[in-house]
Amino acid sequence: MKKIILLNPGPVCTSERVRNSLLKGDMCHRESEFSTILTNTRKKILQAFAPNGDYTTAIITGSGTASLEAGICSSLSDDKKILIINNGVYGERISRIASAYRFKKVELKYDWCERPDIKEIEDTISKDPDIEVVAMVHHETTTGLINPIHEVGAITKKHGRTFFLDSVSGLGGEEIDLANDNVDICICTANKCIQGLPGLSFLLLKQNEVKRMRNIQPRSLYLNVISQLDEQEQKGECPFTPSVHTFYSFEEALDELLEEGVQGRLDRYKKASSYLRKEFKRLNLELLLPEGHLSNTITALYLPQNMTYAHLHDSLKERGFVIYAGQGELNKKIFRIANMGELTMDDLESLIANLQEVLSE
Ligand SMILES: Cc1ncc(COP(=O)(O)O)c(C=O)c1O
């Protein structure tokens, strides 16, 4: 098959090593061989993202939304409220999950190109003792905006609330220090900055948070965090049939990440996005967000005048590159280019050369 360069924010291009790991063969998930893989994969997640202890992790067979839903439905006590900081499609997704469980929620909505107002967040929390969980997205994939996790974590800590972070498109690609940023529950997925294959996601949980969550009655059988965690920690098993082969590739991707180093991965992504942004400016493409809001891995750009997204997408796809559309109201205005995944500088230079040709046609 012709090589296609994925510039969508996951699933990303993976290495041959990760893809080849799928061929390790068939395996029964109730045998000790699988327990070893599960235990090692959990250890490697913690080694990469919580090397100083105090956190544990549960892996869920399902996409990022599965872990997101598991975290939300398992962390709110009856009659308490969840505060949702919403400035994009994924903040909105947290809100939709809370609604599906009929949770009491308070929502602070901001423009998709704006960072949330820290003072308003603190006022809202301090005035409402029923707010138990404060949920925010780390990297809003909608626009490529980085939210202020350190500031929000400091507020939740001060007021004794749970800080729930969707870092599905952040972890491995953006600055984060779970302990220092006071993140209690962090959600991530295998197939974005970790460069694994789609099908697995996970939660990083502060030990104290696990104790608190034990007092909450399960609201889901499959997506209950405590039962998933206990089975994985105590028995070295998953309660239901896991995606065994995806585990092979997840462990391999974590090995690659640990070899590169989390900081090394961030630096590579930073270098890639800086190069792309410099070239986009040279091609007179206008960025959606101001410099200070930008992530290391996604650039949202206004569509050039007189060019539809469909034309731009199809022309680049014919040349071997997959770009990504804007969502919601931004659908007709912008396109997105992500630089997550196994991409070389040659791939990016080739993208720019092809983009330049398409734009000048
Ligand atoms: C920030 C964020 N949260 C949640 C999700 C949902 O993940 P999935 O599509 O794997 O369910 C995504 C997917 O792009 C995301 O970017």
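Everything numeric here is computed off the predicted structure, so don't read it as measured data. (Residues numbered from 1 in each chain as written. Predicted model: local features only at pLDDT ≥ 70, side-chain atom pairs only at ≥ 80, totals over all residues. Heavy atoms only, no water.)

### Observations regarding the domain arrangement of the protein
On domain assignment, one finds that the protein holds domain 1 (5–11 + 261–360) and domain 2 (16–259). Centre-to-centre separation of domain 1 and domain 2, based on C-alpha positions: 27 Å. Contacts between domain 1 and domain 2 engage 29 residues on the former and 29 residues on the latter. Here domain 1 and domain 2 share an interface that buries about 2,300 Å² over both sides, 54% of which is from carbon and sulfur atoms. Counting the surface domain 1 buries against domain 2, the share from its top three residues, Arg-265, His-293 and Gln-327, is 25%. Counting across the domain 1 and domain 2 interface gives one salt bridge. (Domains from an automatic or database assignment. Contact = heavy atoms within 4.5 Å. Buried area = accessible area lost by both parts, 1.4 Å probe. Salt bridge = Lys/Arg side-chain N within 4 Å of Asp/Glu carboxyl O.)

### Points about helix α10 (residues 262–282)
The first and last C-alpha atoms of α10 sit 30 Å apart over 21 residues, in line with the 30 Å expected at 1.5 Å per residue. All buried positions along α10 are accounted for by Arg-265, Leu-266, Tyr-269, Ala-272, Ser-273, Tyr-275, Leu-276, Arg-277, Glu-279 and Phe-280. Just beyond α10, the residue with positive phi is Asn-284, at close to 65 degrees. (Helix = DSSP H or I, 4+ residues; strand = E, 2+ residues; numbered from the N terminus. Expected span 1.5 Å × (residues − 1). Buried < 20%, exposed > 50% of the residue type's maximum accessible area, 1.4 Å probe, protein only.)

### Some remarks on helix α6 (residues 149–158)
By the burial criterion, the buried members of α6 are Ile-149, Val-152, Gly-153, Ile-155 and Thr-156. All buried residues of α6 fall inside an arc of 160 degrees around its axis, so they share one side. In this structure, α6 carries Lys-157 and Lys-158 as exposed residues pointing more than 90 degrees from its buried face. Buried residues in α6 make contact with β3 (81–86), α5 (118–127), β5 (131–137) and β8 (162–166). (Arc of directions from axis to C-beta.)

### Regarding the environment of Arg-30
Along the chain, the position of Arg-30 falls in the loop between α1 (16–20) and α2 (32–49). By relative accessible area, Arg-30 is classed as partly exposed at 35%. Taking the C-alpha atoms as reference, Arg-30 lies 16 Å from Leu-229; in sequence the two are 199 residues apart. Excluding residues that lie within four positions of it along the chain, Arg-30 makes contacts with Glu-237, Cys-238, Pro-239 and Phe-240. Side-chain polar atoms of Arg-30 contact the side chain of Glu-237, separated by 2.8 Å. At 3.1 Å, the side chain of Arg-30 and the backbone oxygen of Pro-239 are in polar contact. (Polar contact = N/O pair within 3.5 Å; in protein donor to acceptor, adjacent residues only side chain to side chain.)

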